[in-house]
Every structure is written in C-alpha cells, then in structure tokens.
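Understanding the architecture of this molecule
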Amino acid sequence: MKTLNNIPQVFNQIMVLLTLLVIFCQPAKAAIEKGAKDSLIHRVKLLKSKRLQTDADEIEYVNSLVALAKTYRFVNVDSLYALNNEAIGIIDEIRYSLGKAKAYVNFGLYYTDKGEDEKAIYYLKSALMIAEGLEEQEYFTCSIFNDIGSHYRYAGDFAKSLDSYLRGLDIAKTNNFLDMQSVLNENIASLYSYQNEFEQSLLYYKQVLRINEKLNDPFASAQTNSNLGSLYSDMEDYEKAMYYLNKSIHTFEKLKEYDWLAYAYNVKGEIYIKQKKYQWALYWLDQSRILHEDKVDDERGRVLVLNNLSESYLGINKDSISKIYAQKSFDTANQLNDLEGKIASAKTLYSYYKKQEDSKNALYYHEVFKSLTDTLTREENKKSLTMLKTQMNYERQKEALIAENEKNMARQKIFVSLGFLIVVILIGFSIPLYVNQKKLKKLYHDLKINTAYLEQREQELEKSNTTKDKLFSIIGHDLRSPIGALQGLLEMLVNGDIALEDSKKFIARAKTDVDHMLFTLNNILSWGQTQLNGTVTRPSPTNIYKLVNGNVQFLQELADTKNIKIINEVAKESTAFIDENQIDVVIRNLISNAIKFTPENGLISLESEENLNYWTIKVRDTGIGMNNETKEKIFSPNLNYTTYGTNNEKGTGLGLSLCKEMIEKNNGKIWVESTLEKGSTFFFTVPKVEEILKKAS
C-alpha cells in the first residue's frame, strides 16, 4: 500500500514539471493539427470540384460533409450547423437514409449543446428510428443510444439516460464493439459519480480500464483518466485525483485534443480551490479559459471554468474580478438551463455579496441557491431510486429472457437429437434420389434457358420479318409510282417527244416528286433504323427556334405551291436538352403534314409555351382536321395508316408514329387536338436545359 501511495505522488510531481515545460515551450496559438479534420476538408473540396457527377460522388460528399460538421462540435458550432444544413439539402434530393440519420444526429448534438431540449431529442430519436430500420447499422444505432443517453443526462433525467446507455451497451456487447463498450460504461460510471455513489462508479471505471487495455487507444485511456481524476476529486482523494489528471493532460497535449484538455485543466483548478491553493488554481483555470476562448466552443464547460475563476479570485481578495466571472457564469447557465452551473454560480455570488456586506443581494442569491439545491436534492433522490430500479428491471428482464432461452434450448436439444437420428436414416434413402433429382434439375434448367432463348429469337425474327414486309410494302407502293412517272418523263425528254419549252412544267412537277421521295426515304431510313438496330439518343443543349426556322425555310417552297403561309412564333430563347437530329425529324414531319392537309391560301403557325421543367411546342394549321377515329390511329406503331392530302398528296404512314417514338426517346409527350373543317394542332413537349447545363454550354 505504501508503494502504491508513493507512485501517484512521484508521478504527480514529474507530470507537473512536464506539463509546465510543454505549455511554456509551445506558441500561444498552436497551429491546427493536420489530422482527420484536414483530411475531411480536403476530401470535401475535391468532391465539390468534380461537380458530383454520379450518385456515388454525392453519397461520398454527404458522408464527408456530415463527418466534417461533427468535428466542429466543440470548436465552432455555427460551422457544424452550416455544413450539416448543406448536407441535408443534398440528402433530401438523393433520398439517402443513412446520411439523413447521421445529419439528424449532428442536429441533435447541436441543439443539446444549445440547451434546446425538445429539438435535440426530436432529431436524435428521428435518427434512431431511421438507423434501426437499416441493415448492418448496429454500431451507428449503438452510438445514437449513447448520444440520447448523454442528452438526458444534461437535461437531468438520469432514469432515461441510464436506460439509453444500457440499451446501447447491450448492442455493443452483442456485436463486440469494444470502443462503444468503453464509452457507455464510462458514461454510466459518471451518472453514479454525479449522485455521489462513488463505489458503484469505480466499479464501472475499472471495467472501462480493462476494455481500454484491449483497445490500446491512448485517447480513450486519457479520457478515462481525466474522469477518474474528477471522481477522486469528489471523493477528496486529491493525490490520486492529480495522478490520473496529469496522465490524461500529458496525452491530451500531445494529441492536441483541446476540448478534453480544457476540461482536465478545469478539474485540476477545482482541486487546488478545494485545497485553498488559489494561485495554482488560477494558473490552471486560465489555461482552460484560454482554450475555451481560442479553440473550444463548449458553453457548458465554460460555465464551470468561469465560476471556478470567480471562486479563486474571491479567495485572493480580488472581489471585483470575482463578481464579473460569477455573473458571466450565472447568466450563461441561465441561457443553457444548466442547473448545476446555476447552483454553483449562485453560491459564489452569495459568498461575494455576503463578503461585501450587501445583505439584499446576498439574501437574493442565497434564496436562489437554496431553491435550486432543494429542487436538485429532491429530484436527484427520486432519480437515484428510479435509476437503480430501471437498472434492476432491465437486468431482471434480461435474466428472465436468458432463463426462458435456456429452457427452450433444452427442449430443442431433445428434438434436435431425435431429428438427427431420423435424418441419418433418411439420408441413406435420399442420396440416390438426390443425385437423380439434381440431374433432372440441371436438364430442366438447361431446357428452360434454351426455350427462353428460342422464344426470344422467334420474337426478334417475327419483328424483323414484319419490319422487312412493311419496308417493301412502302417502297413498292409509295416510291415505285413516282419513280416510274419520273422515268417516263425522262424517256420522253430523251426521245424528243416533248418540246423543251413544254418540258419546264413537267420538270417542276418532277422536282416536287423527287422532294417527296427524298422526304419519304428519310422517314423510312429513320424508322427502319429504330426498328432494326435501335437508335441511341444523344441529348445536348439545342435551340428549338433555330431548328424550326431551318425546317420552315426547307419546306417553304412546298408550301408556296399551295400559297400556304408558315409563321415561326417559337421563342428565340427556347433551349431544350434533346437529340437535335431526332427532334429535327419530328418538326419536319409535323410541318410537312400540316402543309399536306391544309388547303390553298391556308396558314400554319409554330408556337412555344414555357413551363417549369419543359417546353411545349405547338404546330397549328387551318386544314381539314380529323375525326376521333383518325386521332386514335395516327400515332399507332403497328398500323400503316395513311391518308391523302388536299391535293392528293400521299405519305408513308410512318411520319407520326416515328414522331411519337422519337419524342418519347427525348423524355417528352406528343398529342393532337383537332376539329373537322377547322384544323389541327399538334403538341409535343421537350425537357428544358437545366441551369448547370446552360452554364456549361
């Protein structure tokens, strides 16, 4: 025992010297370590520069952003909130459940530290609900139970806090999460310490130390040593308190863990206050205060530091400074609804005013202190009993479940033994059957595959034959006649049967036939390609006004033969994300159809209408219109439906079914509104260019 008692004393002296050496040698504002935070910042910038082109990029960006936000919890809570908000915006777009749960945890921690209990518990429980519904997220679920437990502890509801810690601990033990076992056992130990149940607290801390040895994690060990220092300080064993605190401080300074270092400095200052060594207390409390001002954003921790500074200045008779710190501590504790902080600062303010012989203010703060202490004592007694009862109930339920499981296991063993015997007997009969069954299954599987392949080939062949027949039919009926007529005309010209002057009117007619054949061939080739080989749609930002203008110029000569006027009223800024060639075919067909079915001296207009995400293009004519039966047939891909125009113009019947196919490939819709003898209006939609594509183009 003497040896054990001397170790802390010697180690204490050594660690004090080492700590002083580190503090005096390092700059007043040490550079931020190049660790996990810098790595996350670099990763976030890198992913953002890639413009998040894939879902995988967006998920990785969100994960990095949420992880980075969490590193700011005790450094800059505004940065935590801003980064988390940015992540939530993307998460909602990509519907990433795990990312949403992680972001909700960050919001829960943010509002916990702000003292906004309702918001904090809403986000933490929402995160838990999401995590429990996801597969292979036991570790994450376990950590959320820990965060919920810590929130209830800050709020003063120890029963709910312990229940959450125990649930998390159960998951950690089941899945052998040693690091979470360490954290949760330590948090349970702190609950008992807070209620002055020191022996129970020490039992849990000893368990934590054993787990930390397996983890071999210096930071986790330092956290435990720091908490043990606080525990021994409450037990008034200052020698052991200093021993564990100095061990933790050395590690925190080496790892630059400023939030924990500020906490350890403050506990060390408290120990010196209890020993009435106020100058030493001020030294360590000032180190903690500097860290809170420069590197740590932890208002609860700052409340305790400010009050301890006030007590120290009161101890060395610097009363005016003491009052300033005590008042700051009291006001901040009020903002955070921090009961422990309010009690401590009210007590200090009472001592200050009593020393100043200001009986009015002294009485006021004494009553505040007494009222809060009575509330705490009354509530803590109730919570202590509730907490113990909660733990006992929880353990009793576990024992009952274990006992029931053991009974079930015993019954199952009997059934398993009998079943095993039956299985052994059946195996002897089953092996030959199994071999034959396996062969039959393989044959059946091969037959099924071959049948499916043959059916597919049959469908493809049937489709190919249908396409071929349709192509030959169109070529035979729609191209042979104009080609024959053109051939006859050319023979007459060659043989001199027609005078040169008379031939001009025939040549004009021949040109019209050639234009019709070229247009028909283009449609046949486009349709044939989609049917036989399929078409690849390659969308790009395309100005629809220019496409329409080009087709109007191309078809104007055909329209002039019937004195038809074509007006382009499409918006000049109408830019869509489409395959230019495919939509060009659509527009040409629709204008050509309008010319075909519009009598002489008619009018064709092309208009556009801008919607939220798409453009609607309208091709309106003053033609003969169509009935409902015709409207139902014209877009059918399976019917070779054609009608004659006002001057007996004939088409292939492919135009509108081809238009429908190409519009749908470009993520649009096509339809018609028509009235007999009044005209028709064809509508089709195409997607607008998104903002990012506009910038890129």
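The structure contained in this document is the topic of the report that follows. (Residues numbered from 1 in each chain as written. Predicted model: local features only at pLDDT ≥ 70, side-chain atom pairs only at ≥ 80, totals over all residues. Heavy atoms only, no water.)

1. Quick word on the pattern of salt bridges
Stated precisely, the cut-off is as follows: A pair is scored as a salt bridge if a Lys or Arg side-chain nitrogen falls within 4 Å of a carboxyl oxygen belonging to Asp or Glu. Put simply, DSSP marks the helices as runs of H or I at least four residues long and the strands as runs of E at least two long, and each gets a number from the N terminus on. Only protein chains enter the accessibility calculation, which uses a 1.4 Å probe. A residue is then buried if its area is under 20% of the maximum for its type, exposed if over 50%, and partly exposed in between.
One pass over the full model with this rule turns up 15 salt bridges. One salt bridge in this structure joins Arg73 and Asp113, with 2.7 Å as the shortest N-O distance. A residue pair is termed long-range when its members are at least 10 positions apart, and Arg73 in the loop between helix 3 (55-71) and helix 4 (77-94) and Asp113 in helix 5 (residues 97-114) qualify at 40 residues. Judged on exposure class, the residue Arg73 and its partner Asp113 are both buried. Across the pair Arg588 and Asp584 runs a salt bridge, and its minimum N-O distance is 2.4 Å. A residue pair is termed a helical-turn pair when its members lie 3 or 4 positions apart in one helix, as Arg588 and Asp584 do in helix 21 (residues 580-596) at four residues. Each of Asp286, Arg289 and Glu293 takes part in a single network of salt bridges with overlapping partners.

2. Structural notes on the pairing of strand 2 (residues 565-569)
Heads up, the rule is: Note on pairing: two strands pair once DSSP finds at least 2 bridges between them.
Taking every second residue as pointing to the same face, the buried face of strand 2 carries Ile566 and Asn568, while none of Lys565, Ile567 and Glu569 on the other face is buried. With five bridges connecting them, strand 2 and strand 4 (residues 603-610) associate as parallel partners. The partner of Ile567 across the bridge, within strand 4, is Ser605.

3. What about the packing of helix 12 (residues 238-255) against helix 13 (residues 258-274)?
To be explicit about the condition: Axis angles are defined between N-to-C directions and span 0 to 180 degrees, where every axis is a line fitted to C-alpha atoms and, for a helix, only to the segment in contact. An angle below 35 degrees is treated as roughly parallel, one above 145 as roughly antiparallel, one from 65 to 115 as roughly perpendicular, and anything else as oblique. For any helix crossing, the convention is left-handed if the near helix is rotated counterclockwise from the far helix by under a right angle, and right-handed if that rotation is clockwise. Throughout, a residue-residue contact means that at least one pair of heavy atoms, one from each residue, lies within 4.5 Å. In this classification, Asp, Glu, Lys and Arg are treated as charged, Ala, Val, Leu, Ile, Met, Phe, Trp, Tyr, Cys and Pro as nonpolar, and every other residue, Gly included, as polar.
Between helix 12 and helix 13, the shortest axis-to-axis distance is 9 Å and the interhelical angle comes to 155°. Judged by the angle between their axes, helix 12 and helix 13 are roughly antiparallel. In this structure, the crossing between helix 12 and helix 13 has a hand that is left-handed. Contacts from Tyr238, Ala241, Met242, Leu245, Asn246, Ser248, Ile249, Phe252 and Glu253 of helix 12 reach helix 13 at Trp260, Leu261, Ala264, Tyr265, Val267, Lys268, Ile271, Tyr272 and Lys274. Across the contact of helix 12 with helix 13, the residue classes tally to 13 nonpolar, two polar and three charged.

4. Observations regarding the side chain of Ser230
Among the structural elements, Ser230 can be located in helix 11 (residues 218-234). Aside from chain neighbours lying at most four places away, what touches Ser230 is Tyr263 and Val267.

5. Considering the packing of helix 3 against helix 5
With their axes 10 Å apart at the nearest point, helix 3 and helix 5 run at an angle of 15° to one another. Judged by the inter-axis angle, helix 3 sits roughly parallel to helix 5. Our pair here, helix 3 against helix 5, has a crossing hand that is left-handed. Where helix 3 approaches helix 5, its residues Val62, Asn63, Val66, Ala69 and Lys70 are matched on the opposing element by Gly99, Lys102, Ala103, Val105, Asn106 and Leu109.

6. Some remarks on the sheet that holds strand 5 (residues 614-621)
Pairing is mixed across the open sheet formed by five strands, whose spatial order is 2-4-5-7-6. Among the strands making up the open sheet, the edge pair consists of strand 2 and strand 6 (670-675). Direction aside, the axes of adjacent strands within the sheet are offset by 15° on average. Inspection of the sheet shows strand 4 paired to strand 5 by seven bridges, in the antiparallel sense. The residue bridging Leu606 from the neighbouring strand is Val619, located in strand 5. Against the sheet, helix 20 (residues 544-560) contacts strand 2, strand 4, strand 5 and strand 7 (679-687), and its axis sits at roughly 175° relative to strand 2. Against the sheet, helix 21 makes contact with strand 2, strand 4, strand 5 and strand 7, and its axis sits at roughly 175° relative to strand 7, the strand it touches most.

7. Quick look at the packing of aromatic side chains
Applicable threshold: Side-chain rings of Phe, Tyr and Trp (the six-membered ring for Trp) are treated as a pair once their centres are within 6.5 Å; stacked means planes under 30 degrees apart, edge-to-face means over 60, and tilted covers the remaining angles. Both a distance and an angle decide whether a charge sits over a ring: NZ of Lys or CZ of Arg must be within 6 Å of the ring centre and within 35 degrees of the ring normal.
Summed over the entire model, instances satisfying the criterion amount to 24 aromatic pairs. When the centroid spacing of 5.2 Å and the interplanar angle of 5° are considered together, the rings of Trp671 and Phe683 count as stacked. Remark: Phe683 occurs in strand 7 and Trp671 occurs in strand 6; sequence separation between them is 12 residues. Here Trp671 falls in the partly exposed class, since its relative accessible area comes to 32%. Residue Phe683 is classed as buried on the basis of its relative accessible area of 9%. Taken together, the ring pairs in this structure connect Tyr81, Tyr104, Phe107, Tyr110, Tyr111, Tyr122 and Tyr123 into an aromatic cluster. Here the basic side chain of Arg300 rests over the ring of Tyr154, its NZ or CZ set 4.6 Å away from the ring centre. Here the guanidinium or amino end of Arg588 rests over the ring plane of Phe554, the centre of that ring lying 5.7 Å away.

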